[in-house]
Amino acid sequence: MNVSLAKDLSVYQLVMGVQAPPKPLSLSPATLLSLVRAQIDLLIEQQIAATLWVKLPPDKIWQSELARYQSSVGASSLIYTCQIEESRKREAGEAGEDKGEGRLNISSSPSSPSSHYVPVYLPPDSQMRRENFLIVLSPQFCSLILAHRPLKKRKNQTLGKVNTNKNQPLLIITTVEGRVIQQVLNSIQQAMSNDKPLGVYAPESSSILPASFICPTVPQAALMNQLLAKQLLRQDEINHQIITVRTNKLEQQNQELHNKEQLKDEYLKNVCQELRIPLTHMKTALSLLNSPNLKPPQRQRYLQMLNTQCDRQNSLITGFLELVQLEQNLEGTTLELVRLSDIVPGVVSTYQPVAQEKGIMLAYTVPSELPSVWCVSGKLRQIVINLLHNSLKFTPNGGQVWVRARNQGDYVQLEFRDTGIGIAENEIPKIFDRFYRVRTAATEDYGGAGLGLTIVQQLLLRCGGSISVKSKLSEGSTFTVQLATVGNIPRAIATENEL
């Protein structure tokens, strides 16, 4: 049967072009490796000096099989290794390159470890890019193992990009039929001939085998039995490795799920404990208010206690729901460019009455010429509010609070400094934890849900920013926020642009 050649060869097309071709099976690369190893095992055990026509992945695990065979059989073997043209340019430069467009060039490789390796250079757009094969040619035994990766494209509907799934199964053909292998061999020999119109350049001495060579119709039964036994052995070995890898992966996933469940249980436990505290105080206040001997000042104090605990309960529930919503939607949120001079003055103005009531001097410095910064859409105001609210809350009467912004390289630094009660050094690492509230020796209950700083940190991580704190007990605290400027694209934006 005549086989028409295009610019380059496709072993898969040659095989499928014969009469009654072998049926390809959809198998994994691991199975292909086991077939190649079994074939090499047989050649080495029987010391079959064969000519090999090979194209295998460049990874060491594949190439080591060829080295194993060559070192065992030695000088009596000849191995043709197919390589894409670009590999040749990397390894040997432009020396000896065939200038004919779309041609194959066969020559000895100066970088090969042995003169019995002959590289076969393929054009960059060769159909063999998607093929791997091992063709064994000898008077005693001929075989062909071929793997073809079908070109399956899928379109990303949201981004309009075409991606190729590299994990799809391979179409694998394995045969020892002489008629199939002979047809492939004849086509390769024809493509290597100098006088064919669709042929390729090659020296006369580079013919794969003598013209008189004919593949045996079928191998000897003893060889086939040994080959099948080795295939089963190698496949069991591969299966064991796959099962080990999958088992380890499942164990890791189970451990991760277990850790997540523990974190979830701990989180729910903390939520319940935090919600129980104000309820306990409210229940105590209501019980005391029922006392018949209660004096008016005491009644007023318990009513105030009840009101405070109701506010705290509301703050806890609001903060908890806000945090849950933020964590669920954080990855899907978009970033925007915003100017600090458009946000900070308005927030500070809103809190001036609170500061005046406590006799706190509240001031800010935000230069209008500062560059725009990246932040989660609509959330810069919340960051400023949470941090300024904390500074005022923990600063006693007559204290001072400053808000200052300045340029710092690729970031804008926003600083909240106060003369408040400060934070103990051993508590600083915990202040961004959920529900954590600074413990002080003072009798005053500062309330709050203990979620404000957690929310601020989550928002800043999303937009490529950061927050740090310096503090000293009885002297005050300084919270420093770093926000990426317009010229410094956050990782979240960069990742979206790459997709």
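What you see as residue numbers is a count from 1 along each chain, following the sequence as written. At least 70 in pLDDT is required for a residue's local features to be given in this predicted model, at least 80 for side-chain atom pairs to be given and counted, and no such filter applies to totals for whole chains, interfaces and linings, which use all residues. Hydrogens and waters are ignored; side-chain quantities use all the structure's heavy atoms.

Colleague: Where do I start with the overall build of the chain in this structure?
Modeller: Each helix and strand counted, the chain has eleven helices and 17 strands in total. In the chain, once contacts between residues fewer than 6 apart in sequence are set aside, the share between residues at least 24 apart is 72%. Helix numbering and strand numbering both begin at the N terminus, where a helix is a DSSP run of H or I of at least 4 residues and a strand a DSSP run of E of at least 2. Contacts are residue-level and defined by heavy atoms, with any inter-residue pair within 4.5 Å sufficient.

Colleague: Sorry, what's going on with the nonpolar core here?
Modeller: Proteins that are soluble and globular tend to have nonpolar side chains buried together. What is meant by a nonpolar core is a set of buried Ala, Val, Leu, Ile, Met, Phe, Trp, Tyr and Cys residues, joined one to another through side-chain atoms within 4.5 Å. A 1.4 Å probe rolled over the protein chains alone gives each residue an accessible area, and that area as a share of the maximum for its type sets the label: buried under 20%, exposed over 50%, partly exposed in between. Counting residues in each nonpolar core, the largest one holds 48 residues, and the members touching the most others are Leu340, Leu387, Leu388, Leu414 and Phe479. The greatest single-element share of this core, amounting to six residues, is contributed by helix α9 (residues 380–393). Residues contacting Leu388, with those up to four places away along its chain left out, are Val347, Val348, Tyr351, Leu362, Val401, Val403 and Phe416.

Colleague: Could you clarify how one ought to interpret the packing of aromatic side chains in this entry?
Modeller: Ring pairs (aromatic) are described by centroid distance and by the angle formed between their planes. Each Phe, Tyr or Trp ring (for Trp, its six-membered ring) is paired with any other whose centre lies within 6.5 Å, and the angle between the two planes then decides the class: stacked below 30 degrees, edge-to-face above 60, tilted in between. In total, this model carries one aromatic pair according to the counting rule given. A ring pair is formed by Trp53 and Tyr80, whose centres lie 5.5 Å apart and whose planes are at 35°; its orientation type is tilted. Of this pair, Trp53 sits in strand β2 (residues 51–55) while Tyr80 sits in strand β3 (residues 78–84); the two residues are 27 residues apart in sequence, bridging distant segments of the chain. A single burial state applies to Trp53 and to Tyr80, both of which are buried. The side chain of Arg301 reaches across the aromatic face of Tyr302, ending 5.2 Å from its centre. To sit over a ring, a charge needs its Lys NZ or Arg CZ within 6 Å of the ring centre and within 35 degrees of the ring normal. One cation-aromatic arrangement involves Arg417 over Trp402; the distance from NZ or CZ to the ring centre is 4.4 Å.

Colleague: How do you make sense of the packing of helix α8 (residues 344–357) against α9 when you look at a structure like this?
Modeller: Working note: a packed helix pair is described by the angle between its axes plus the distance between those axes. Direction vectors running N to C along α8 and α9 enclose 25°, while the axes themselves pass 10 Å from each other. By the angle class used here, α8 and α9 are roughly parallel. Crossing hand, α8 versus α9: right-handed. Between α8, through Val344, Val347, Val348, Tyr351 and Ala355, and α9, the contact on the second element is made entirely by Arg381, Val384, Ile385, Leu388, His389 and Leu392. Lys, Arg, Asp and Glu make up the charged group, whereas Ala, Val, Leu, Ile, Met, Phe, Trp, Tyr, Cys and Pro make up the nonpolar group; the residues left over, Gly among them, are polar. Looking at the contact of α8 with α9 residue by residue, the class counts come to nine nonpolar, one polar and one charged. Only the stretch in contact is used when a helix axis is fitted, and all axes are lines through C-alpha atoms; the angle between N-to-C directions ranges over 0 to 180 degrees. Roughly parallel means an angle under 35 degrees; roughly antiparallel means over 145; roughly perpendicular covers 65 to 115; every other angle is labelled oblique. Helix crossings fall into two classes, left-handed where the near helix is turned counterclockwise from the far one by less than a right angle and right-handed where it is turned clockwise.

Colleague: For this particular structure, what's the right way to read the confidence of the model for the chain?
Modeller: Detailed reading of the predicted coordinates is not advisable wherever pLDDT falls low. Taken residue by residue, the chain gives an average pLDDT of 79. The fraction at 70 or more is 79%. The low-confidence segment residues 194–206, where pLDDT is below 50, has 23 contacts with residues more than four positions distant or belonging to other chains. In the predicted structure, residues 494–499 sits below a pLDDT of 50 and forms six contacts with residues beyond four places in sequence or in another chain. pLDDT expresses how confident the predictor is about each individual residue, on a scale running from 0 to 100.

Colleague: Mind showing me how you'd approach helix α3 (residues 60–73) here?
Modeller: Think of an α-helix as 3.6 residues a turn; residues three or four steps apart then line up on the same face. Under the 1.5 Å per step criterion, the end-to-end length of α3 is 20 Å for 14 residues, consistent within 8% with the ideal 20 Å. Among all positions in α3, only Trp62, Glu65, Leu66, Tyr69, Gln70 and Val73 are buried. Buried residues of α3, viewed axially, fall in a sector of 125°; they line one side. Residues of α3 that are exposed and point over 90 degrees away from its buried face: Lys60 and Ser71. Its buried side turned inward, α3 meets α2 (29–46), β2, β3 and β5 (117–122). A helix is expected to reach a length of 1.5 Å times the quantity of its residues less one. This arc corresponds to the set of directions leading from the helix axis out to the C-beta atoms.

Colleague: Is there a simple way to think about the environment of Arg37 in this case?
Modeller: By secondary structure assignment, the location of Arg37 is in helix α2. Residues Arg37 and Glu65, 28 residues apart in the sequence, show an inter-C-alpha distance of 6.8 Å. Aside from chain neighbours lying at most four places away, what touches Arg37 is Ile61, Glu65, Arg68, Arg234, Glu237 and Ile238.

Colleague: Could you clarify how one ought to interpret the pairing of strand β10 (residues 170–175) in this entry?
Modeller: Working note: regular strand, side chains alternate between the two faces of the sheet. For strand β1 (residues 25–27) and β10, the ladder comprises three bridges, and the chain directions are antiparallel. Counted as the bridge partner of Leu27 is Leu170 from β10. For strand β7 (residues 143–148) and β10, the ladder comprises five bridges, and the chain directions are antiparallel. Paired with Ile145 across the two strands is Thr174, which belongs to β10. A pair of strands is considered paired only if DSSP assigns at least 2 bridges between the two.

Colleague: Explain the sheet that holds strand β14 (residues 400–408) here, please?
Modeller: Paired through their backbone hydrogen bonds, the strands of a sheet run either parallel or antiparallel. Ordered in space as β12-β14-β15-β17-β16, the five strands form an open sheet in which the pairing is mixed. Two strands lie at the open edges of the sheet, namely β12 (361–365) and β16 (466–472), each paired on one side alone. Adjacent strand axes in the sheet meet at a mean angle of 15° when their direction is disregarded. Note: β12 against β14, five bridges, orientation parallel. Counted as the bridge partner of Tyr364 is Val403 from β14. Lying on the sheet, α8 is in contact with β12, β14 and β15 (411–418); it crosses β12 at an angle near 175°. Contacting β12, β14, β15, β16 and β17 (476–484), α9 crosses the sheet at an angle of about 25° to β15.

Colleague: For this particular structure, what's the right way to read the pairing of strand β6 (residues 131–137)?
Modeller: Taking burial as the measure, the seven residues of β6 include seven buried ones, the bulk of the element. Going residue by residue along β6, you find Glu131, Phe133, Ile135 and Leu137 tucked away on one face and Asn132, Leu134 and Val136 tucked away on the opposite face as well. In terms of strand pairing, β2 meets β6 through five bridges, oriented antiparallel. Pairing of Val54 across the sheet is with Leu134, part of β6.

Colleague: Is there a simple way to think about the pattern of salt bridges in this case?
Modeller: When the charged atoms of two side chains lie near each other, side chains of opposite charge can form a pair. What makes a salt bridge here is a side-chain nitrogen of Lys or Arg within 4 Å of a carboxyl oxygen of Asp or Glu, nothing more. Counted by the stated rule, this structure contains ten salt bridges. For Lys230, the salt bridge identified is with Glu45, shortest N-O distance 2.7 Å. A residue pair is termed long-range when its members are at least 10 positions apart, and Lys230 in helix α6 (residues 221–289) and Glu45 in helix α2 qualify at 185 residues. The residue Arg404 makes a salt bridge to Glu415 at a minimum N-O spacing of 3.4 Å. On the criterion of sequence distance, the pair formed by Arg404 in strand β14 and Glu415 in strand β15 is long-range, its members being eleven residues apart. Residue class for Glu415 comes out buried when judged on its relative accessible area of 11%.

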